[in-house]
Amino acid sequence: MICKLGFEVRESRDINSIVTQNGEVCWKAITDCVIYTQSAQALDYQGSVRLLGPVCEVIHLHLSSLTKGQFEIQYVPWLQWTSSPELFAEIFDALESLQSPAISLSLMKLTACLERALGDVFLLIGKECPFLLRDLLASEELAQVFGLSVMNVLRVFVGSPCGLNLRNVLWHGFAAPHEVPPMYCSTMVVLTAGMGQLLKSYLQQNKLTWAPRPLIALPDLEDGAVFPEVTREVLSVLEEVMKKSTFVLGTMLPYWEVALIRFKSHRFADCAILLLTQLETGLRHLFATINKCPQRLLTAESTALYTTFDEILAKHLNDGEINQLPLFLGEPAMEFLWDFLNHQQGPRVRDRLSHGEINLPEFPKGVTDQLLTFSTVLLLRFVEEELASVFKEKAAIQSLVHLAEGYSAHFHPMSLLRKQVLSCEKSIRAWPLLPLPREAEEARLECSSEINACNSLIIKITHELYHHVPENHGVFTDLDNRPIEKWPRLLRELCGIRVPTLFCPRAVLEVLTVLQNIVRCCTHVSHQVVASWVRRHQQWAEKTLRSRQRQNFVRMSWSIKLLSPVLLLILLLIALELVNIPEVHGKKTDEYQQYLKFLKSILQYTENLEAHTSPEKNKWIETIRLTHTALLRMWTFSEKKQMLIHLAKKCTSTAVL
């Protein structure tokens, strides 16, 4: 449809009937080319593409005849609504260059930019913007602003697999550079300008102010970056490997070449866009081969579900069979792809780029470094063994292969929870070790029975937990003597144990969500305690506290002394449960519900603790009572042997500090 259908009708069209000399779009000349089925219930996509072909051709000839200065005068003012008018100057340069890969890249960036801008228009009227472009284009809200006939034009170009489907065909890596006629890129530029004109009129008539959503500045990866910065040596290897690797389809090689050119020119977003689409192309080819379904390979057909990253990276095929690709790629490669594409707390690079959410000039080099390095290692797996050995002899490449083979998830909820636990422990360890006021003894007497009961329960629960520390990760030989200062090492060791994260069952993810919320509350409590203690201790020393405030500060002193081991105990419990998290899948439904209920009771305790330790409440005696109740609940549930540590194989720790 893209390559041929728009060229079937040979008709000469007058550009002045489509665009005025001032760059104003005459929409009727375009919308008249969109036709409907005989029942008038649906668009006739193929017929519309045929009739729109001559219009697209004359628009392309028109733009080609303009100088850049003329283009900027006639069209750029109408493109301000996209929030990226500078992008269209780049697109004009690409069209002028006649380089197919650059034009395809321009069309990808244009559709992403347009989608974001249309979402902003939707939010003038609607509340929740549709995630998918096809749903956005079919919305009543956009039809109200631009008119249904204009939206139907857009649907023919980018909104349906039955039409040209330019957005999906390019972003999912189906189209080779030479397969997308430049006239469609030129037409999309003019259509976007024309919509800017319609939007201005709508805003004036309805006395509305245009306030687009700010673009996202994708943060750098920080500790999520596993691979080092890309060096000239790595780029040189990739330049050679991509020409020899069977992973790269011959027709797609120009995209890889342009990706490297853009990287060297510090156009990191452009490089990332091209790499992502070509990774999807190569992985789709591999997916179809390994799963023996060649019909899923080549095209984005209007009559069938076409294969994208969603299907490629899934555990099962649509027919329920096991997807063989993850087994072939291996867990480290799959974890990398899930980290960068799918996990909600990860960069979700492809989604954010393709939906126009990211500020392209500020795209972080670090993200592109990771994608380039991963691509290099992946492509090496698909070259002849002898050649691969030559490349792997290079120290830099050898190191990258080693890092790739040891990759583990950084943005899976389990990985993030580990970071939360260690961060919270560090926060608690930083509590100021200031002397207690002499009056603290009075407060101890006020709630001494509950404090003693809490300390007794902490010892009993800790003793029980230590029996379930995995072998070689214990830090004490004497289970009756567990100094709290040695807990940080144990937590670090437990959080360092690798646990499978790929394709986690829903039950596991539900448990992880509750545990994340518990640690979030513990961390907030820790921050509140530090802030309150420092402030009140200073006021105590300066003797500026009133009588009731002094009493409350004394109570705070004893409460804090109890809270520190309790919070660390909760972190220890979570770290141990994390090690055994796969056991969730083995629980019966009623056991699972009881377990979840127990975790939610701990969450309720930490939420109450968060409220009571806030500067507004300062209810420190109540925190001791809450803590006693929570510890009793933990001990009672522990006695039932229903925690995950009880379901795993029992092993007593023997390692010593």
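Preceding this section is the structure that the text describes.
Described below are features of the structure shown in this document. (Residues numbered from 1 in each chain as written. Predicted model: local features only at pLDDT ≥ 70, side-chain atom pairs only at ≥ 80, totals over all residues. Heavy atoms only, no water.)

Here's the deal with helix α8 (residues 148-159)
Look at α8: only 13 Å from first C-alpha to last across twelve residues, short of the 16 Å you get at 1.5 Å a residue. Most of α8 sits inside the fold, with nine of its twelve residues counted as buried. (Helix = DSSP H or I, 4+ residues; strand = E, 2+ residues; numbered from the N terminus. Expected span 1.5 Å × (residues − 1). Buried < 20%, exposed > 50% of the residue type's maximum accessible area, 1.4 Å probe, protein only.)

So, the side chain of Arg116
Following the sequence through the fold, Arg116 ends up in helix α5 (residues 100-125). Lacking a salt bridge, the buried Arg116 has Asp120 as its closest oppositely charged neighbour, with an N-O distance of 4.8 Å. Side-chain polar atoms of Arg116 contact the backbone oxygen of Pro214, separated by 3.0 Å. Beyond its immediate sequence surroundings of up to four residues, Arg116 is in contact with Arg213, Pro214, Leu215, His355, Gly356 and Glu357. (Lys, Arg positive; Asp, Glu negative; His and termini not counted. Salt bridge = Lys/Arg side-chain N within 4 Å of Asp/Glu carboxyl O. Polar contact = N/O pair within 3.5 Å; in protein donor to acceptor, adjacent residues only side chain to side chain. Contact = heavy atoms within 4.5 Å.)

What to know about the packing of helix α21 (residues 413-429) against helix α24 (residues 487-495)
Relative placement of two packed helices is described by the angle separating their axes and the distance separating the axes. Between α21 and α24, the least distance of the axes is 10 Å, while the angle of their chain directions is 170°. Classified by the angle their axes make, α21 and α24 are roughly antiparallel. On α24, the residues touching Arg418, Val421, Leu422, Glu425 and Arg429 of α21 are Pro488, Leu491, Arg492 and Cys495. Partitioned by chemical class, the residues of the contact of α21 with α24 number five nonpolar, no polar and four charged. (Axes fitted to C-alpha atoms, helices over the stretch in contact; angles between N-to-C directions. Parallel < 35°, antiparallel > 145°, perpendicular 65-115°, else oblique. Nonpolar A, V, L, I, M, F, W, Y, C, P; charged D, E, K, R; others polar.)

A few points about the packing of aromatic side chains
The tally for this structure, following the rule as stated, stands at 14 aromatic pairs. An angle of 10° between the planes, with centres 4.2 Å apart, marks the rings of Phe336 and Phe374 as stacked. Placement of the pair is Phe336 in helix α16 (residues 331-341) and Phe374 in helix α18 (residues 365-380), with a sequence separation of 38 residues. Given the relative accessible area of 2%, Phe336 is considered buried. Exposure remark for Phe374: the relative accessible area of 6% places this residue in the buried category. Ring pairs connect the aromatic residues Phe227, Phe336, Phe340, Phe374 and Tyr407, which therefore count as one cluster. In this structure, Arg284 packs its charged tip against the face of Phe174, placed 3.8 Å from the ring centre. Its end group placed over the ring of Phe411, Lys419 keeps NZ or CZ at 5.7 Å from the ring centre. (Phe/Tyr/Trp six-rings, centres within 6.5 Å; stacked < 30°, edge-to-face > 60°. Lys NZ or Arg CZ within 6 Å of the ring centre and 35° of its normal.)

Looking at the packing of helix α26 (residues 547-579) against helix α28 (residues 620-639)
Following both chains from N to C, one finds α26 and α28 inclined at 25°, their axes separated by 8 Å at the closest point. Classified by the angle their axes make, α26 and α28 are roughly parallel. Considering the relative orientation of α26 and α28, their crossing is left-handed. Of α28, the residues touching α26 (which contributes Asn552, Arg555, Met556, Ser559, Ile560, Leu562, Leu563, Val566, Leu569 and Leu573) are Trp620, Ile621, Thr623, Ile624, Thr627, Leu631 and Met634. Of the residues belonging to the contact of α26 with α28, the class tally is twelve nonpolar, four polar and one charged. (Left-handed = near helix turned anticlockwise from the far one by under 90°.)

Focus on the state of the cysteines
Per the stated rule, a full pass over the model turns up zero disulfides. Unpaired in this structure, Cys113 has its nearest cysteine sulfur neighbour in Cys185, at a distance of 12 Å. (Disulfide = S-S within 2.5 Å.)

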